[in-house]
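Next come the chains, spelled out residue by residue.
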Amino acid sequence: MNTIGDLTKRQAGILMPVFSIPSPYGIGDFGKETRRFLDDTAKTGMKIWQILPFNPVGYGNSPYQPYSSFAGDEIYINLEELKKDGLIESFELFDGPNDHVDYEAVRKYKDPYLRKAYETFKKRLEEEPQLKKAYEEFNEEAFWLDLYALFRVMKDKNQRKAWIEWPKEEQNMTEVPVELKDAVNYHKFLQFVFAKQWQEILDYAHQLGLTVVGDLPIYVGHDSADVWQFREDFFLDENFKPIKVAGCPPDYFSEDGQLWGNPIYNWKKMKEDEYDFWIKRFEWNQKLFDVIRIDHFIGFDRYWSIPAGDTTAKNGHWEEGPAYEFFDAVFDKLPKLQLIAEDLGVLRPEVTELKNKYGLIGMRIGQYSLGPNEEKEDFILPEFCIVYTGTHDNDPVNGWYESLPKKERKYTNKVFKKLKLKGKSAADKVVNYSLNADPRIALIPMQDFLNLSADKRINRPGTIGSPNWEWRLEDLSQYEAMLPKIRKELKKSNRLVR
């Protein structure tokens, strides 16, 4: 199987979150529509499918504030696959919006079927030794599962309040009370099914010759099983509230910076146990994906630390990250780990030195490289990197272009003309630039392949809630109409891997 680690050949791929894939179930999930999307992608000659995190989302439905770094969100479990496995007899199609994800409505729709499946599963465990064995092996392998399932049950028991608001004795629970055992087992069942269905999607992608790139946030949510279980690894006060939180400093794009609010790691403490939490995160995600894009790589060199309680990121300051000691420990334990370093933001030479020391491939963004904030104006990108037209945090190219002030748009038009970029729209031209540029790998968000506008943006940093993380295609017809054109562009740019 071709992998992103093989940089001897030029190749291309698509950035498409699972939740954005069309389906009749209110959200993209692990069903036949995702297989159809993978079939289509393989027909173009693309070799890479990059997704966003699919861990169980909490506040604001952000995949970068999940309840766990290890668990999967049960919202992605496909009902048709449950029926095929004999766990449910029938189901109705989702009666709700098709052009965006209504998370609450989809959960309400799927929940009764998931619970019916669990009741059937319990009976089959007693009757089918092979199923029982597979379930027990999964439970043993998923070292995080017991406490994660307990965490989810305790959240429900406490009206979904954050864990630091639970009664003190519940904040420190490690054993499952008898009366909650079945509820805990339900969540363990969900993770077993999630893992099975995802593995089938992963295997299908591999059969088509596709590499799957996952996404691992550098920080975890405070209200998560991660912090609940590994609380000593974070800067928390005596009541387990964050002392300082993560974010980004003010820059060209935001005069207030970005206040993410995630608790910051106590790297000194982590070093004492050889970065055990991080090793476990990488090791588990290595099972789920061929390659992992590690979010906010610059935070391992130094990170922006903001006093807890501040309303902006302005009063933060830089603190030194774990750098070489951390990655030495990681690659000593996981020598085959393949990482993409999201090295965007305020860079200093030490970041590049750290990345190069471990041979990690970095990122470049076409919007930035061609836009008015580009200083060098040579528009030449390094060969050893991945070029994206944009990411989940950017406007689609057409939206970015339309939002430029008149003077900056005029400048960008001159750049398009100077580089002789082909296409009717700004998106066409930036895709053309990215595919024909020097980087060995080009990854294009679905929105830019399809010439979509600003209202199809996935996330706007610094904002919480709708419409973030809700965008999805209504059907695959527009993408399928584009397949011959995409394949032709890949052939012209020498990105067809044979």
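Residues numbered from 1 in each chain as written. Predicted model: local features only at pLDDT ≥ 70, side-chain atom pairs only at ≥ 80, totals over all residues. Heavy atoms only, no water.

S.K.: Just give me the short version of the pairing of strand E11 (residues 385-388), but keep the residues and values in it.
M.R.: Alternating positions in E11 separate into two faces, Cys 385 and Val 387 on one and Ile 386 and Tyr 388 on the other, with burial throughout. Pairing of strand E10 (residues 362-365) with E11, which is carried by four bridges, proceeds in the parallel orientation. Paired with Arg 364 across the bridge in E11 is Val 387. (Buried < 20%, exposed > 50% of the residue type's maximum accessible area, 1.4 Å probe, protein only. Helix = DSSP H or I, 4+ residues; strand = E, 2+ residues; numbered from the N terminus. Pairing = 2+ DSSP bridges.)

S.K.: Talk me through unusual backbone geometry; I want residue IDs and the actual numbers.
M.R.: Following Ser 466, the chain continues into Pro 467 via a peptide bond in cis, with omega recorded as 10°. By the secondary structure assignment, Pro 467 is in the loop between helix H17 (446-449) and helix H18 (477-492). With phi around 55°, Gln 159 is a residue other than glycine that occupies positive phi space. Along the polypeptide, Gln 159 turns up in the loop between helix H5 (145-157) and helix H6 (168-171). Here the phi dihedral of Asn 494 falls at roughly 60°; this positive angle occurs in a residue that is not glycine. Among the secondary structure elements, Asn 494 is positioned in the segment after H18.

S.K.: Break down the sheet that holds E11 for me, with residues and values.
M.R.: What links the strands of a sheet is backbone hydrogen bonding, and the strands pair in either a parallel or an antiparallel sense. Strand order in the open sheet made by the eight strands is E9-E6-E3-E2-E1-E12-E11-E10, with parallel pairing throughout. The strands lining the two open edges of the sheet, one partner per strand, are strand E9 (339-341) and E10. The average undirected angle you get between the axes of adjacent strands in this sheet is 25°. By the bridge criterion, three bridges tie strand E6 (residues 291-294) to E9 in an arrangement that is parallel. Within the sheet, the bridge partner assigned to Arg 293 lies in E9 and is Ile 340. The sheet contacts of helix H10 (residues 276-288) involve strand E3 (211-216), E6 and E9, and relative to E6 the element is tilted by about 135°. (Axes fitted to C-alpha atoms, helices over the stretch in contact; angles between N-to-C directions. Contact = heavy atoms within 4.5 Å.)

S.K.: Can you lay out the nonpolar core for me, pointing to particular residues and giving the numbers?
M.R.: Residues Trp 49, Trp 198, Trp 278 and Phe 282 are the most contacted members of the largest nonpolar core, which totals 149 residues. Looking at this core element by element, the count peaks at eleven residues for helix H7 (residues 181-207). Counting twelve residues, the second largest nonpolar core, distinct from the first, contains Leu 344, Ile 365, Ile 386 and Tyr 388. (Core = buried A, V, L, I, M, F, W, Y, C linked by side-chain atoms within 4.5 Å.)

S.K.: An account of the pattern of salt bridges is requested, with residue identities and associated values reported.
M.R.: One pass over the structure, following the stated rule, counts 38 salt bridges. Across the pair Lys 287 and Glu 141 runs a salt bridge whose closest N-O atoms are separated by 3.3 Å. Pair noted here: Lys 287 is in helix H10 and Glu 141 is in helix H4 (residues 129-141), with a separation of 146 residues, a long-range link. Overall, Lys 287 belongs to the partly exposed group, its relative accessible area being 39%. For Asp 428, the salt bridge identified is with Lys 485, shortest N-O distance 3.6 Å. Here Lys 485 lies in helix H18 and Asp 428 lies in helix H16 (residues 426-436), a separation of 57 residues in the sequence. Overall, Asp 428 belongs to the buried group, its relative accessible area being 13%. A single network of salt bridges, built from pairs that share partners, joins Glu 232, Asp 233, Lys 269 and Asp 273. (Salt bridge = Lys/Arg side-chain N within 4 Å of Asp/Glu carboxyl O.)

S.K.: Break down empty space enclosed by the protein for me, with residues and values.
M.R.: Considering all chains together, one arrives at five cavities of 30 Å³ or more under this definition. Reported here for the largest cavity is a volume of approximately 90 Å³. If you go around the largest cavity, the residues you meet are Leu 15, Gln 367, Gly 390, Thr 391, His 392, Asn 394, Asp 395, Pro 396, Pro 445, Gln 447, Asp 448 and Ile 458. Partitioned by chemical class, the residues of the lining of the largest cavity number four nonpolar, six polar and two charged. Reported here for the second largest cavity is a volume of approximately 60 Å³. Around the second largest cavity sit Phe 70, Ala 71, Gly 72, Phe 138, Trp 144, Gln 191, Phe 194, Ala 195, Trp 284 and Leu 288, which together line it. When residues of the lining of the second largest cavity are traced back to their parent elements, those giving at least two are H7 and H10. It is H7 that provides the largest number of residues to the lining of the second largest cavity, a total of three residues. Along the lines of polarity and charge, the residues of the lining of the second largest cavity split into eight nonpolar, two polar and no charged. (1 Å grid on protein atoms, 1.4 Å probe; cavity = no way out; pocket = protein on both sides within 12 Å on 5 of 7 lines; lining within 4 Å. Points joined across faces, edges and corners; volume = space filled by probe spheres on them. Nonpolar A, V, L, I, M, F, W, Y, C, P; charged D, E, K, R; others polar.)

S.K.: Break down the layout of surface pockets for me, with residues and values.
M.R.: What the second largest pocket holds in volume is close to 420 Å³. Lining the second largest pocket are 23 residues, with Glu 74, Arg 107, Asp 111, Arg 152 and Arg 160 positioned closest to its centre. Secondary structure elements with two or more residues in the lining of the second largest pocket: helix H3 (103-127), H5 and H7. A total of seven residues in the lining of the second largest pocket trace back to one element, the largest contributor, which is H3. Partitioned by chemical class, the residues of the lining of the second largest pocket number eight nonpolar, four polar and eleven charged.

S.K.: An account of the sheet that holds strand E7 (residues 302-307) is needed here, citing residue identities and associated values.
M.R.: Read across the open sheet, the four strands follow the order E5-E4-E7-E8; overall the sheet is antiparallel. Since the sheet does not close on itself, it has two edges, and those belong to strand E5 (258-263) and strand E8 (317-320), each with one partner. The mean angle between the axes of side-by-side strands here comes to 50°, regardless of whether they run parallel or antiparallel. Note: E7 against E8, four bridges, orientation antiparallel. Note that in E8 the partner of Tyr 303 across the bridge is Glu 319.

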